[in-house]
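# Observations on the three-dimensional arrangement
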There are 2 protein chains.
Amino acid sequence: MYALMLLPMLAMATEVKSPNGNVVLTFEVKEGRPTYSVTYKGKDVVRPSHLGFELAKDKHATMGLEERDLLAGFELEKEETTSFDETWQPVWGETRDIRNHYNEYAVSLQQQWQEEAKTDEQGRHVAPRAHQRHMTIRFRVYDDGVGFRYEFPRQAELNYFLIKEERSEFAMAGDHKAWWIPGDYDTQEQETQETRLSEIRGRFRDAVNWGNSSVAVFSETGVQTSLQMKTDDGLYINIHEAACLDYATMHLELVDGQTKHMTTKLEGNSNVYTPNPTDMGYPLPQPFTFVSHLTPDATGLKGCMQSPCETPWRTIMVSDDARDMLSSNLILNLNEPCKIDDTSWIHPTKYCGVWWEMIVGKSNWHYTDDYPSIKLGDGAFPNAPSTIVNYQTAKPNGRHAANNEKVKRYIDFAAANGLQQVLVEGWNVGWEDWANMWKRDVFDFVTPYPNFDIKMLNDYAHAKGVKLMMHHETSSSTQNYERHIKDAYELMNKYGYDAVKTGYVGDIIPRGDHHYSQSMNNHYLYVIKEAARHHIMVNSHEATRPTGLCRTYPNLVGGESARGTEYEAFHGNNPDHTCILPFTRLQGGPMDYTPGILETQLDTWSENPHQVGSTLVGQLALYVTMYSPLQMAADLPENYAKYMDAFQFIRDVACDWDDSRYLEAEPGDYITVARKAKGTDNWFIGGKCDEQGHRCNLRLDFLDKGRRYQCTIYQDAKDAHWKTNPKAYVITKKTVKQGDVLRLMEAPGGGFAVSLIAL
Amino acid sequence: MYALMLLPMLAMATEVKSPNGNVVLTFEVKEGRPTYSVTYKGKDVVRPSHLGFELAKDKHATMGLEERDLLAGFELEKEETTSFDETWQPVWGETRDIRNHYNEYAVSLQQQWQEEAKTDEQGRHVAPRAHQRHMTIRFRVYDDGVGFRYEFPRQAELNYFLIKEERSEFAMAGDHKAWWIPGDYDTQEQETQETRLSEIRGRFRDAVNWGNSSVAVFSETGVQTSLQMKTDDGLYINIHEAACLDYATMHLELVDGQTKHMTTKLEGNSNVYTPNPTDMGYPLPQPFTFVSHLTPDATGLKGCMQSPCETPWRTIMVSDDARDMLSSNLILNLNEPCKIDDTSWIHPTKYCGVWWEMIVGKSNWHYTDDYPSIKLGDGAFPNAPSTIVNYQTAKPNGRHAANNEKVKRYIDFAAANGLQQVLVEGWNVGWEDWANMWKRDVFDFVTPYPNFDIKMLNDYAHAKGVKLMMHHETSSSTQNYERHIKDAYELMNKYGYDAVKTGYVGDIIPRGDHHYSQSMNNHYLYVIKEAARHHIMVNSHEATRPTGLCRTYPNLVGGESARGTEYEAFHGNNPDHTCILPFTRLQGGPMDYTPGILETQLDTWSENPHQVGSTLVGQLALYVTMYSPLQMAADLPENYAKYMDAFQFIRDVACDWDDSRYLEAEPGDYITVARKAKGTDNWFIGGKCDEQGHRCNLRLDFLDKGRRYQCTIYQDAKDAHWKTNPKAYVITKKTVKQGDVLRLMEAPGGGFAVSLIAL
């Protein structure tokens, strides 16, 4: 599959084209600085942009670092161009086959310099010492974009090094429209903003949800990836990263007309100092340039590296068709193949759970109101579940949801409706007192509340063909979770759980660290790997945003890292929210969005005054438009009972696919996609739109020729509206064939859902 | 055993006397500030000193803290005086019985205040809110000193709180002589300084061993505990702490004539801020006052507390006889009784080890020189011992000590000489590349080098009645150690190890944290408890200084936390070093000092140019003068072979005792102690002196009347001198009885050792 060709060593720009020639990468070492640019069909995507790093010096100076960054002074050492074309099969995914087709350009650079000649204390001449460092930049040029990463081969003078900041530039060609959320070290649970690049600074402060418990923004032009943009001449550009493994999550800081300095201040204690002044002595990049900004650890450092090593891939997806943004596999392709030999235990899953009623405020996670605070043991000897609380004698508060009777009802509901699992939150002791207290021993993950009979409930579920889904809220006390993780996973194995939803609410412990730092990203990966060792699937909430690692570790079946459905009960998600997420958050991997809230007006069944920003049918559409192998039917069984005809779609819809066709898409406006259920000839189609509504003429080209399909259409009623009339819907059934056209109307904040069962 | 008496609530000072009346504690709330003082036989020990805390406010303000410290505004709420007298038996120790006899005074204080009346946004009157906080200070008054601690009962308004600084004052009555080392967040491996208090600042910078990899000093008058002092009128005063559990280690900052501000600056990131200005708005304490200074975490915080909770005990030992400083059990008594039910697996141990030859530089911990750096797996799935090194094919460097042949020779040596265990360092992969790189996955604790056959060697040892002792150097990567600890201890159980020497060289990971912070102290305790769960004894090097926890967890059989014998191979310990350590470092628990270097001139057998700061006989004395249940015969078998007659003392000497009598003592000058071996009638006597030499007339009063003893005296030769003639010694044997007098001469830097075997 590889074709190798060594290029002549010329001091001129190298051009590398994508297989179909649409995407062209240009690279050169210009005045000693690595510089690249990207075009698409001849249009500028990334204008000439520098690449490199600022380094920090360690206090021991044991790493042998000179006070010299990896920004300039480079010479070309070697160039290598190869081609690659391979088709692989994911364990689960949107399509059965994924083609990985690119041209690769790996350029090896060296920095060489000589110390000045010296005389020693005895006045003797000391021969000047020569230094040499090596760094490779590897580009992969796809028809739908470019990925590049830095690689550090094993070498004497960059054996260990500390990153003060990565300085990868992405110079945009104009004042593009962007769908962005504030760059933040700890949270992504923000509403997406739709502005021009030049408007980011002015909008920034209002864009931050300061009420979120973990807000840690760093710059008024700092934004998160994946960042979706659209140019005035119709290009869609998306910047993100792939395969972020043991490296800090990247944000982007925009240079705009008001930028005076890049944000480089080192936080933290005195273990590091900065050898270079702010802005590295170079002129600022041109306006509309994004510069990478990594998440620091508690000392302010951005990375502790040991060669041989490489960074994540920095990805630039581009097309003149918005649908290509959604069907692209560029990020998955840039991740390593699956490292788990036996994947037979990994399976897409539809589930319900004891969850939404607590989010809405109708019931509680915690069991008793008797104690102002709780202390749990650290799991070591001698261990007591709690040193100051006796749960056996504590008075139940009567609002604790995860009780035997209720969980059995949810199990019954799952069994009756083809849902494979039941998530139960609040099953374990400690919920009386858990968030934002910088409390280390916050949960032990093995001790159930007195009214949660873990053996009985698992036995009851298994007898009905259902599994319980484990819940491990860590309260971001990762030290505590790692202490308990082996015991916790052994408990899961013992009782037959094979999936865990993890949570990272609140400030990170070890204190001072951030959710998206190198060490925390390492923690999330450690959890995924330790889970794999125990044949456990992971659905990680409040963790770092995904970067396609689910290819390598397909037991990472879901994540959150964005505003999920829970915000509908807080103050609501905008109707266009789910028309943006597939362009942004979902680029790195599936999201456990927990759709399916059919009773959208919460005050009809609870004291919660809020309303879901979607019609009832819009909620059905999400099972198709928001791809995930893990799909929750998030509403309460008693609410589904009111809409059993609509609920039928949730019962029917698949969550693993042989094929997916994005039929229409525009960021923030609408998405229409048809998917073929894995191992069947059945198709499901979803359409979701923003507050404007949408009309869709859906030509069924993709059906098998000559075959007939039982078609059920779930559509907003003519007068439906997400705010004023959300639960008005029409269900139509007919028989269709290839080439038929469905004319579908999506209400403001609505959508549609179609099932096509092969006859 | 308790006698309870409620005192009347008078707004005057309360006096509490020790059982024999020599020590008197006085407490009052003076102008709202808790104030105490201590006298001994009428002399001032601690002049009126304030107690309290500065608090930090958390960024979420979820803890309900007002911007109000725990320093002033207190009223007396309740006083309680009790007496206690109990004799207990340690699992191992200097004496079979320990008497715990004190009078206790517990004073409950409250802060009450009312917010000012407000009007809300609608102009309505808001009733002023009343606040109340409770804090108890508990004093225990012994005949040899005082301990006190702060206690926080469960309460609504101090449920969680953050400590910015503890402000416990210890106002000294004069410009005492002090034996001190620089206050430091990460190391105690410093030479003790002997100066007046007023001279600390001037000596400070020269007192720091800046070459130590972990130096983190904080103030030019900052010193560590245990701090030994002597007053001009002959009082010995020692300040330390007891039962430091999940709390930061305390240092002392001296207010001297030049002090302008206390050191209060918060390091770290912005998760906390300081509600009060420096010095809290109060005048500085008088000169010669020590103020507590806790070790911060990465954010600069000193403590995250959850009530109910208490601080460690702050201890003030006092006597007019220096020997009482050494025989005191005040610190052990202030710790909780043993929490391990079955202690049958805990045993005092004499051992040798593959260690000194690496320290001296004759052989290596690491196996190969083939690789500039090493990467190990994180123990999770899929795990590989190393991702970039193949140890099976790597070329051995020929200097790796922990090889099968050498370890067998050490086992043979141990078996032949009554040593129960053999420590082997450098047995596990990773030593090529381990220190000070801020490398997380530095060791895996389970993978031996190819030339260390873990099963064969343990079988070989067990067949000879010897055990191997495990070694876990963590390189201070505590995150990594905690990930591996269960697997590592299971490996030990599998192969029959029952003791582990842990090490914490280098900077702490999580990065930014310190060796002596609350979270690290919690880590060390977690290790001790996890080890207890696996029936493993712990000998913890470079960890925090001990505070008597070995009473509660007697599997903590040793520690380092001071300059040990290893420094003899670096640049030497001063001859008086071991005449100070029993007054300072050993107050909190035994030290694994690793004595017994008989070949004191290292250049006679290696290329190391250094020399031990002691005579050969002085090394023998340490087995008696430096109490520890864990005693190493640290020299090489081939060196012991040269001095087998002197080595006989190391073979004979016990390491567990029924009785101990301190016969002579003066800090930094000399210590003479006689100990009765556990369960026998045999006595061993050790005398150690500084560079001045010492003459000792030793009257054998403590022997059993009418009994005769075979007495072997190991003495410095007349012309012996630690520097010029260290290995000149005389061994004399005779029979002695009660009342006999031994006239013994200790050479400069020398000592003596005597064994008395009951006939």
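This is a predicted model, so every value here is computed, not measured.

### Examining the nonpolar core
By size, the foremost hydrophobic cluster in this structure holds 124 residues, and its most contacted members are Trp356, Val422, Val424, Phe452, Leu468, Tyr489 and Phe649 of chain B. Here this core gets eight residues from one element, more than from any other, and that element is helix 8 (residues 518–533) of chain B. For leucine 468 of chain B, the contacting residues outside a window of four places in its chain are Val407, Ile411, Gln421, Val422, Val424, Phe452, Leu457, Asn458, Ala461 and Tyr497 of chain B. Within the second largest apolar cluster, 123 residues are counted, among which are Phe443, Tyr481, Tyr643 and Phe649 of chain A.

### Digging into the environment of isoleucine 597 of chain A
Residue and element names in this part refer to chain A. Relative to the helices and strands, isoleucine 597 resides in the loop between helix 9 (577–580) and helix 10 (616–625). Along the sequence, isoleucine 597 and valine 612 sit 15 residues apart, while their C-alpha atoms lie 7.7 Å from each other. If we ignore the near neighbours within four places in the chain, the residues touching isoleucine 597 are Trp356, Thr565, Val612, Gln619, Ala634 and Asp635.

### Some words on the sheet that holds strand 26 (residues 349–354) of chain A
Hydrogen bonds between backbone groups are what pair the strands of a sheet, and the pairing can be parallel or antiparallel. Residue and element names in this part refer to chain A. Taken in spatial order, the seven strands line up as 31-30-29-28-27-26-32 in an open sheet, and their pairing is parallel. Since the sheet does not close on itself, it has two edges, and those belong to strand 31 (556–559) and strand 32 (630–632), each with one partner. Direction aside, the axes of adjacent strands within the sheet are offset by 25 degrees on average. Strands strand 26, strand 27 (421–424) and strand 28 (467–473) of the sheet are contacted by helix 5 (residues 404–416), whose axis makes an angle of about 155 degrees with strand 26.

### Overview of the state of the cysteines
Under the criterion given, the structure shown has zero disulfides over all chains. The thiol sulfur of cysteine 689 of chain A is not disulfide-bonded, and the nearest other cysteine sulfur, from cysteine 579 of chain A, lies at 6.3 Å.

### Thoughts on the pattern of salt bridges
Throughout the structure, instances matching the rule amount to 82 salt bridges over all chains. Its salt-bridge partner being glutamate 666 of chain A, residue lysine 230 of chain A comes within 2.7 Å of it at the nearest N-O pair. Of this pair, lysine 230 of chain A sits in strand 18 (residues 227–230) while glutamate 666 of chain A is found in strand 33 (residues 657–666), placing the two residues 436 residues apart along the sequence. Overall, glutamate 666 of chain A belongs to the buried group, its relative accessible area being 13%. Among the ionic pairs, arginine 675 of chain B bridges to glutamate 94 of chain B, the shortest N-O distance being 2.5 Å. Of this pair, arginine 675 of chain B sits in strand 34 (residues 670–677) while glutamate 94 of chain B sits in the loop between strand 7 (74–88) and strand 8 (98–114), and the two are 581 residues apart along the sequence. Arginine 675 of chain B sits in the buried class, given a relative accessible area of 0%. Bridged by salt links that share partners, the residues Glu104, Arg138, Arg140, Arg149 and Glu151 of chain A form one connected network.

### Focus: the packing of aromatic side chains
Across all of its chains, the model carries 76 aromatic pairs over all chains by this definition. Taken together, a centroid distance of 6.1 Å and an interplanar angle of 25 degrees make the contact between tyrosine 105 of chain B and phenylalanine 139 of chain B stacked. Of this pair, tyrosine 105 of chain B sits in strand 8 while phenylalanine 139 of chain B sits in strand 11 (residues 130–142); the two residues are 34 residues apart in sequence, bridging distant segments of the chain. There is no split in this pair, since tyrosine 105 of chain B and phenylalanine 139 of chain B are both buried. Among the aromatic residues, those joined into a ring-pair cluster are Phe27, Tyr36, Phe53, Tyr105, Phe139, Phe148, Tyr150, Phe152, Phe161 and Phe170 of chain A.

The rules behind each value
- Residues numbered from 1 in each chain as written.
- Chains lettered and ligands numbered in written order.
- Predicted model: local features only at pLDDT ≥ 70, side-chain atom pairs only at ≥ 80, totals over all residues.
- Heavy atoms only, no water.
- Core = buried A, V, L, I, M, F, W, Y, C linked by side-chain atoms within 4.5 Å.
- Buried < 20%, exposed > 50% of the residue type's maximum accessible area, 1.4 Å probe, protein only.
- Helix = DSSP H or I, 4+ residues; strand = E, 2+ residues; numbered from the N terminus.
- Contact = heavy atoms within 4.5 Å.
- Pairing = 2+ DSSP bridges.
- Axes fitted to C-alpha atoms, helices over the stretch in contact; angles between N-to-C directions.
- Disulfide = S-S within 2.5 Å.
- Salt bridge = Lys/Arg side-chain N within 4 Å of Asp/Glu carboxyl O.
- Phe/Tyr/Trp six-rings, centres within 6.5 Å; stacked < 30°, edge-to-face > 60°.

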